[in-house]
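So you can see what is in the structure, the chains are spelled out below.
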Amino acid sequence: MRTPRTDGRKRRWRQHKIDRREELVDGTLAAVRTRGGNAGMDEIAAEIGVSKTVLYRYFSDKNDLVNAAMQRFIEITLMPRVYGAISLDADEYQLVRSALAEYVGAVDEDPEVYRFIMGTGSGDPSSLADFERLFAEVVAAAITERGSERGIETEGVMLWSYVLVGGIQLATHWWTTHKTLPREEVIDYLTMMVWSAIEGMARAGGSRTKFAEQEHVLPPVPSDDQAV
């Protein structure tokens, strides 16, 4: 007779723990924005207004907290911006540039959080791998949809998507640690690389056979007048 009430209490307690853990993750992100990407557990707890014991009640260690923060940042910031850009009703070039601008912008506008989740070495690589997989699947879906409309073969779409996503992620990570280029120039160069790759695949109709049969010679560099 008591089992239903006991199960109900357990469910409510589990939900409470989930809700409280999410609150602490959001508090951690806010604390990192204030204290910096190298903030430790003591600083994060102090900024949130709880004891470190409370953090360890909901997170096994700092790795667990960093991993949860990474998942939250990807879920509420990074993916919505990238997905929104890829879903725009625009031509292919604008989709490429918009998606790159949103990705680079999300990282650049939240540098301390990015440094916390990516620069400490504490995060779970599987969370980053899940994001890269999701990002690659979104890119692959966009390429497949647009490519199919143009009669382009898309057998290699997942491979292309992982190459693009991996290159973008690694290049942006390098840029966040060096900042040798302004943000707009980074977007310009990434757009040039990604668009050139997509344009090249389209020129071969997505066929590796047709690509192999093409002449592979670098074109002459256009003069300033030709470039204009």
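Rules used in this analysis
- Residues numbered from 1 in each chain as written.
- Predicted model: local features only at pLDDT ≥ 70, side-chain atom pairs only at ≥ 80, totals over all residues.
- Heavy atoms only, no water.
- Helix = DSSP H or I, 4+ residues; strand = E, 2+ residues; numbered from the N terminus.
- Rg over C-alpha atoms; globule rule 2.2 N^0.38 Å.
- Buried < 20%, exposed > 50% of the residue type's maximum accessible area, 1.4 Å probe, protein only.
- Contact = heavy atoms within 4.5 Å.
- Areas by Shrake-Rupley, 256 points an atom, 1.4 Å probe, with all protein chains shown as cover.
- Lys, Arg positive; Asp, Glu negative; His and termini not counted.
- Charge placed at Lys NZ, Arg CZ, Asp CG, Glu CD.
- Patch = residues over 30% accessible without salt bridge, like charges linked within 9 Å, V, L, I, M, F, W, Y side chains within 5 Å.
- Salt bridge = Lys/Arg side-chain N within 4 Å of Asp/Glu carboxyl O.
- Expected span 1.5 Å × (residues − 1).
- Arc of directions from axis to C-beta.
- Axes fitted to C-alpha atoms, helices over the stretch in contact; angles between N-to-C directions.
- Parallel < 35°, antiparallel > 145°, perpendicular 65-115°, else oblique.
- Left-handed = near helix turned anticlockwise from the far one by under 90°.
- Nonpolar A, V, L, I, M, F, W, Y, C, P; charged D, E, K, R; others polar.

- If you check an unreviewed UniProt entry, the protein appears there as HTH-type transcriptional regulator from Nocardia jinanensis.

1. Let's talk about the overall build of the protein
Here is step 1 of the chain: If you tally the helices and strands in the protein, you get 11 helices and 0 strands.
Here is step 2 of the chain: Starting at the N terminus and ending at the C terminus, the protein contains elements arranged as α-α-α-α-α-α-α-α-α-α-α.
Here is step 3 of the chain: A globule of 228 residues ought to have a C-alpha radius of gyration of about 17 Å, yet the protein, at 22 Å, is considerably larger.
Here is step 4 of the chain: C-alpha extents for the protein along the principal axes are approximately 75 × 50 × 30 Å.
Here is step 5 of the chain: Burial analysis of the protein (228 residues in total) assigns 38% to the buried set.
Here is step 6 of the chain: Here the contacts in the protein between residues at least 6 apart in sequence split such that 69% fall between residues at least 24 apart.
Here is step 7 of the chain: Only carbon and sulfur atoms are counted for the fraction: they give 54% of the accessible area of the protein, which is about 13800 Å².
Here is step 8 of the chain: Within the protein, one finds 27 positive and 35 negative side-chain charges whose respective centroids are separated by 14 Å.

2. A look at the environment of Asp-130
Here is step 1 of the chain: Within the secondary structure layout, Asp-130 lies in helix H7 (residues 125–149).
Here is step 2 of the chain: The class for Asp-130 is partly exposed, based on a relative accessible area of 40%.
Here is step 3 of the chain: Along the primary structure Asp-130 and Gln-71 are separated by 59 residues, whereas in three dimensions their C-alpha atoms are 9.3 Å apart.

3. Points about a positive patch on the surface
Here is step 1 of the chain: Where like charges cluster on the molecular surface, the positive patch consists of Arg-9, Lys-10, Arg-11, Arg-12 and Arg-14.
Here is step 2 of the chain: Tracing the sequence through the fold places Lys-10 in helix H1 (residues 3–35).
Here is step 3 of the chain: Judged by its relative accessible area of 46%, Lys-10 falls in the partly exposed class.

4. Notes on the pattern of salt bridges
Here is step 1 of the chain: Considering all chains together, one arrives at 19 salt bridges under this definition.
Here is step 2 of the chain: In this structure, Asp-26 and Arg-72 form a salt bridge, with 2.8 Å as the shortest nitrogen-oxygen distance. Of this pair, Asp-26 sits in helix H1 while Arg-72 sits in helix H4 (residues 62–86); the two residues are 46 residues apart in sequence, bridging distant segments of the chain.
Here is step 3 of the chain: Look at Arg-72 and you get buried, because its relative accessible area is 17%.
Here is step 4 of the chain: Put simply, Arg-81, Glu-102, Asp-108, Glu-109, Lys-179 and Arg-183 are held in one network by salt bridges that share partners.

5. Describing helix H8 (residues 157–178)
Here is step 1 of the chain: The end-to-end C-alpha distance of H8 is 32 Å, a good match for the 32 Å that 22 residues give at a rise of 1.5 Å each.
Here is step 2 of the chain: Those residues of H8 that sit buried are Val-157, Trp-160, Ser-161, Leu-164, Val-165, Ile-168, Gln-169, Thr-172, Trp-175 and Thr-176. Summarising the axial view, the buried residues of H8 lie within an arc of 150 degrees, below the 170-degree limit, and thus occupy one face. Relative to its buried face, H8 has exposed residues pointing more than 90 degrees away, namely Leu-159, Val-163, Leu-170 and Thr-177.
Here is step 3 of the chain: Buried-residue contacts for H8 involve helix H5 (92–108), helix H6 (111–118), H7 and helix H9 (183–203).
Here is step 4 of the chain: Following H8 by one or two positions, Lys-179 adopts a phi angle in the positive range, close to 50 degrees.

6. Comments concerning the packing of H5 against H9
Here is step 1 of the chain: Interaxial distance between H5 and H9 falls to 9 Å at its minimum, and their mutual angle equals 140 degrees. It follows from the interaxial angle that H5 and H9 lie oblique. In terms of crossing hand, the pair formed by H5 and H9 is right-handed. Residue-level contacts link Glu-92, Tyr-93, Val-96, Arg-97, Leu-100, Ala-101, Val-104, Gly-105 and Asp-108 of H5 to Arg-183, Glu-184, Val-186, Ile-187, Asp-188, Leu-190, Thr-191, Val-194, Trp-195 and Ile-198 of H9.
Here is step 2 of the chain: Considered class by class, the residues forming the contact of H5 with H9 number 11 nonpolar, 2 polar and 6 charged.

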